[in-house]
Amino acid sequence: MKKIMFGLMITFILLGMYACQKTFLQEPNISGSVNLATVFSSSLNATSELLNAYNWALGQPYMNQSNVGASGAGISGEASRGYSWQFTYTAYATGYTASTTCWVNYGICYQQVRELCIIRENIDKVPDMDPVTKGYVKAECQGLLAQWYMLMFKSFGGVPLVNHSYLPTDNMNLPRASLQQTLSFTESLCDSAIAGLPNSWPAASFGRLTKGAVMTLKAQLLMFAARPLFNSPAPFLPMSNPSNNNMICFGNTDTKRWDSAITAANNALNWCKSNGLDILNTGGAGVGNPNPNALNDYGAATSLPGSGNTELILNYQNQNNSVVTSGPGFYYDMSAYWTASRYDNQLMGTPYNFLVNYLKADGTEQSWPQVGDAAPRPGSDYVTRFRQMEPRWQADHAGPGCDALNNPGDNNWSAKGWNGSMSNSSLTAVFPQTVNYGQGCGTNTKFYWHAGSRVWPLFPIYRVAELYLDLAEAYNEQGQSSLALQNLNIVHNRAGLPSITVTDQASLRKAIQREWAVEFKGEMKRYFDVKHWKLSNVGDILCGNRLEFQFKVASTATASVNLASNLISYWNAIAYQAFWQPRMMLEPIPQGEVNKLVVVQNPGY
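Residues numbered from 1 in each chain as written. Predicted model: local features only at pLDDT ≥ 70, side-chain atom pairs only at ≥ 80, totals over all residues. Heavy atoms only, no water.

### Examining the overall build of the chain
Inference 1: Helix and strand content of the chain: 19 helices and 9 strands.
Inference 2: Across the 605 residues that make up the chain, the buried fraction comes to 61%.
Inference 3: Here the analysis covers contacts within the chain between residues at least 6 apart in sequence; of these, 72% occur between residues at least 24 apart.
Inference 4: Entry remark: accessible area of the chain is about 21,200 Å², with carbon and sulfur atoms responsible for 53%. (Helix = DSSP H or I, 4+ residues; strand = E, 2+ residues; numbered from the N terminus. Buried < 20%, exposed > 50% of the residue type's maximum accessible area, 1.4 Å probe, protein only. Contact = heavy atoms within 4.5 Å. Areas by Shrake-Rupley, 256 points an atom, 1.4 Å probe, with all protein chains shown as cover.)

Structural data, given as structure tokens:
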């Protein structure tokens, strides 16, 4: 059984309007009983088509519509590479090319752009829908279009700008727009949506766009415009024709772009506070102090929708009890309850490269084994250090000998009851050799706080914490360290950690980027963040040598390798090496599109 839900389980009727398309913009070949007249003959049908569009637009950051079979964490350096048939495994081995499937599916982007244009242009034909609702639908289409164009903006740079549905007789030879044109176009979509959307929806429609959701979208868009990858006098690599450099670079560094991001983030945050939303901090410790209820607050903020989660601006829910590998609804399951084909999560543990972003609960650095150590450490050392880590690590992970704290007292979420190995382990492991890869240094449990037997994730699209980190980053880039720290520590303190006090811009920048990494692990931000920060070590962050803990377990542990009593020793080792080339700072345009001699390719492909 499968349900696609917004809030209180609104079920989509998938109408399949895109069979047999010849190009991304062409009039669909609609056959059988489903056509435009049918879709817009009733409010029920039209709303179902709108919710189908929601499913694609909100599902794409995490559920991935490229039929590539892996979580977004896998391409972000947040998780291991998965199985050999999964996209991340191939990407880590050979990188992206213009002739292979990439994480952002260019064709699906424009299929969905067309669908949204069709809905917006035809919604007035629906006979039993009132004018106010029709206005909301048009605004929702604008907001979802902005969601797609923001994805393309940060993935490709400037792209063809489509503002209506195309007929076969139309000229569909649209060249790529400049970066500035794409930014302005997407901003206008945001502004149109914000003007037409409500502040809230009835409970049965929880999960549809609000003014605040699109205001947060706009803030994120302007953050990517201000970050160094685009906000630069020269591109990271030159286009083959220098006159096309404006598709991937603004051609100057303008601090006003940070001002625009600050304004947008403040507007969104003010909207949130006026509508009962703010970061979830129930510990009562006061401003500037570590939140004693951090484990529960962070876990709830990232996993639970609806009443009580005042941090959630917008989320996506995909109720699915079977593996789906294409179309809207593919998702990466990591639930311990999953028993029917859990392959998606078996080799997607957190590598050491990402573990080091987390602090101990007292705010200091943890001491973990290093590659090159003279001897392994006892297995008990892992358990001790695991439990010394900050609340976000505890909420996001389980490990051998370490029950998941997200569902206390539930055997299925315990090391003993976990359905599979939680470590790269062997009865005959020999230090310092690599035993295996994939299980990393901890097993991911994020998005399942108090989930029990629920196997589908309740994935957050926008949380208020994002707006605080937007402001922290932007204020720091403008040299306003006090305001940067104020906003950074709202997130950092909520996580149960003592305040950050560094004021040097470079040091504070690193602290803010680290906060982005930990706070939003697995929420499909890091993949784009580290590239748009234009970090000198971006190749090592996303790729490079991947380090994972290796465990030797007791000879009697064949059926219980996860138990603390069976962990003899552990060490750090290079599990594999991941491919990186500078061209991967942006995604490639599919070669089939480039071959039409209208759309030019990004550099290096």
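### Considerations on the confidence of the model for the chain
Inference 1: Chain-level pLDDT for the chain is 89 on average; 88% of the residues reach the 70-or-more range.
Inference 2: Low pLDDT (under 50) marks residues 65–69, which in the prediction has 23 contacts with non-local residues, meaning those over four places away or in another chain. (pLDDT = per-residue confidence, 0-100.)

### Section: the packing of aromatic side chains
Inference 1: One pass over the full model with this rule turns up 27 aromatic pairs.
Inference 2: Ring pairing ties together the aromatic residues Tyr352, Phe354, Tyr358, Trp368, Tyr382, Phe386, Trp393, Phe549, Phe551 and Tyr570, which thus form one cluster.
Inference 3: Between the NZ or CZ atom of Arg208 and the centre of the ring of Trp201, over which it lies, the distance is 4.4 Å.
Inference 4: Lying across the ring of Phe520, Lys525 places its NZ or CZ 5.3 Å from the centre. (Phe/Tyr/Trp six-rings, centres within 6.5 Å; stacked < 30°, edge-to-face > 60°. Lys NZ or Arg CZ within 6 Å of the ring centre and 35° of its normal.)

### Describing the sheet that holds strand 5 (residues 424–426)
Inference 1: Taken in spatial order, the 4 strands make up an open sheet running 3-9-8-5, and their pairing is mixed. At either margin of the open sheet sits one strand with a lone partner, and together these are strand 3 (377–378) and strand 5.
Inference 2: Pairing of strand 5 with strand 8 (residues 544–553), which is carried by 3 bridges, proceeds in the parallel orientation. The residue bridging Asn424 from the neighbouring strand is Gln550, located in strand 8.
Inference 3: Each of strand 3, strand 8 and strand 9 (567–578) is contacted by helix 12 (residues 379–387), which is oriented at about 75° to strand 9, the strand it contacts most. (Pairing = 2+ DSSP bridges. Axes fitted to C-alpha atoms, helices over the stretch in contact; angles between N-to-C directions.)

### Focus on the nonpolar core
Inference 1: Within the largest apolar cluster, 141 residues are counted, with the highest numbers of intra-cluster contacts made by Val113, Trp148, Tyr149, Phe153 and Leu488.
Inference 2: Setting aside chain neighbours within four positions, we find Phe153 in contact with Leu179, Thr182, Leu183, Leu221, Phe224, Ala225, Phe230 and Phe250.
Inference 3: Within the second largest apolar cluster, 23 residues are counted, among which are Phe354, Met389, Phe551 and Val561. (Core = buried A, V, L, I, M, F, W, Y, C linked by side-chain atoms within 4.5 Å.)

### Brief notes about helix 14 (residues 464–477)
Inference 1: With 14 residues, helix 14 extends 21 Å between its outermost C-alpha atoms, agreeing within 8% with the 20 Å of an ideal straight helix rising 1.5 Å per residue.
Inference 2: The buried fraction of helix 14 is high, at 13 of 14 residues. (Expected span 1.5 Å × (residues − 1).)

### Looking at the packing of helix 7 (residues 211–226) against helix 8 (residues 256–274)
Inference 1: Packing of helix 7 against helix 8 leaves a shortest axis separation of 8 Å and a crossing angle of 160°. It follows from the interaxial angle that helix 7 and helix 8 lie roughly antiparallel. The interaxial crossing formed by helix 7 with helix 8 has left-handed handedness. The residues of helix 8 that touch helix 7, namely those facing Lys211, Gly212, Met215, Thr216, Lys218, Ala219, Leu222, Met223, Ala225 and Ala226, are Arg257, Trp258, Ser260, Ala261, Ala264, Ala265, Asn267, Ala268 and Trp271.
Inference 2: Its residues placed into classes, the contact of helix 7 with helix 8 shows 12 nonpolar, 4 polar and 3 charged. (Parallel < 35°, antiparallel > 145°, perpendicular 65-115°, else oblique. Left-handed = near helix turned anticlockwise from the far one by under 90°. Nonpolar A, V, L, I, M, F, W, Y, C, P; charged D, E, K, R; others polar.)

### What about the side chain of Asn291?
Inference 1: Along the chain, the position of Asn291 falls in the loop between helix 8 and helix 9 (294–303).
Inference 2: For Asn291, a relative accessible area of 3% translates into the label buried.
Inference 3: A distance of 3.2 Å separates a polar atom in the side chain of Asn291 from the backbone oxygen of Arg494.
Inference 4: Contacts of Asn291, omitting those with residues within four sequence positions, involve Asn281, Thr282, Gly283, Asp297, Asn493, Arg494 and Gly496. (Polar contact = N/O pair within 3.5 Å; in protein donor to acceptor, adjacent residues only side chain to side chain.)

### Observations regarding the pattern of salt bridges
Inference 1: A full pass over the atoms with the stated rule returns 21 salt bridges.
Inference 2: Linking Glu140 and Arg208 is a salt bridge whose minimum nitrogen-to-oxygen distance equals 2.8 Å. Taken together, the residues Glu140 in helix 5 (residues 131–156) and Arg208 in the loop between helix 6 (179–196) and helix 7 connect sequence positions 68 residues apart. Comparing Glu140 with Arg208 shows no difference in burial state: the two are buried.
Inference 3: Taking the shortest distance from any N to any O, the salt bridge between Glu515 and Arg392 comes out at 2.8 Å. Taken together, the positions of Glu515 in helix 16 (residues 505–519) and Arg392 in helix 13 (residues 391–396) put the pair 123 residues apart, joining distant regions of the chain. Per residue, the accessibility class of Glu515 equals that of Arg392, and both read buried.
Inference 4: One network of salt bridges, in which partners are shared, links Glu311, Glu390, Arg392, Lys446, Arg463, Arg494, Glu515, Glu519 and Glu523. (Salt bridge = Lys/Arg side-chain N within 4 Å of Asp/Glu carboxyl O.)

### With respect to unusual backbone geometry
Inference 1: Following Phe431, the chain continues into Pro432 via a peptide bond in cis, with omega recorded as 0°.
Inference 2: Here Pro432 shows up in the loop between strand 5 and strand 6 (443–444).
Inference 3: We note that His450 has phi near 50°; this positive angle belongs to a residue other than glycine.
Inference 4: Here His450 shows up in the loop between strand 6 and strand 7 (458–463).
Inference 5: Even without glycine at this site, Leu597 takes up a positive phi of about 65°.
Inference 6: Locating Leu597 in the fold gives a position in the segment after helix 19 (591–594).

### So, the pairing of strand 9
Inference 1: For strand 9, a buried count of 9 out of 12 residues is recorded, marking the element as mostly surrounded by other parts of the structure.
Inference 2: Strand direction decides the pairing type here: strand 3 and strand 9, joined by 2 bridges, are antiparallel. Each residue of the ladder has a partner; that of Arg377, found in strand 9, is Tyr570.
Inference 3: Alignment of strand 8 against strand 9, held across 10 bridges, turns out to be antiparallel. The residue of strand 9 that forms the bridge with Asn545 is Gln577.

### Focus on the packing of helix 15 (residues 481–494) against helix 16
Inference 1: For the pair helix 15 and helix 16, interaxial distance at closest approach is 11 Å and the crossing angle is 30°. On the basis of the axis angle, helix 15 is roughly parallel to helix 16. Read as a crossing pair, helix 15 and helix 16 show a hand that is left-handed. Residue-level contacts link Ser481, Ala484, Leu485, Leu488, Val491, His492 and Arg494 of helix 15 to Leu508, Ala511, Ile512, Glu515 and Glu519 of helix 16.
Inference 2: Looking at side-chain class alone, the contact of helix 15 with helix 16 contains 7 nonpolar, 2 polar and 3 charged residues.

### Let's talk about the state of the cysteines
Inference 1: Evaluated as defined, the whole model comprises 0 disulfides.
Inference 2: With no disulfide of its own, Cys141 lies 8.3 Å from the sulfur of Cys117, the closest cysteine sulfur.
Inference 3: With a relative accessible area of 0%, Cys141 lands in the buried category. (Disulfide = S-S within 2.5 Å.)

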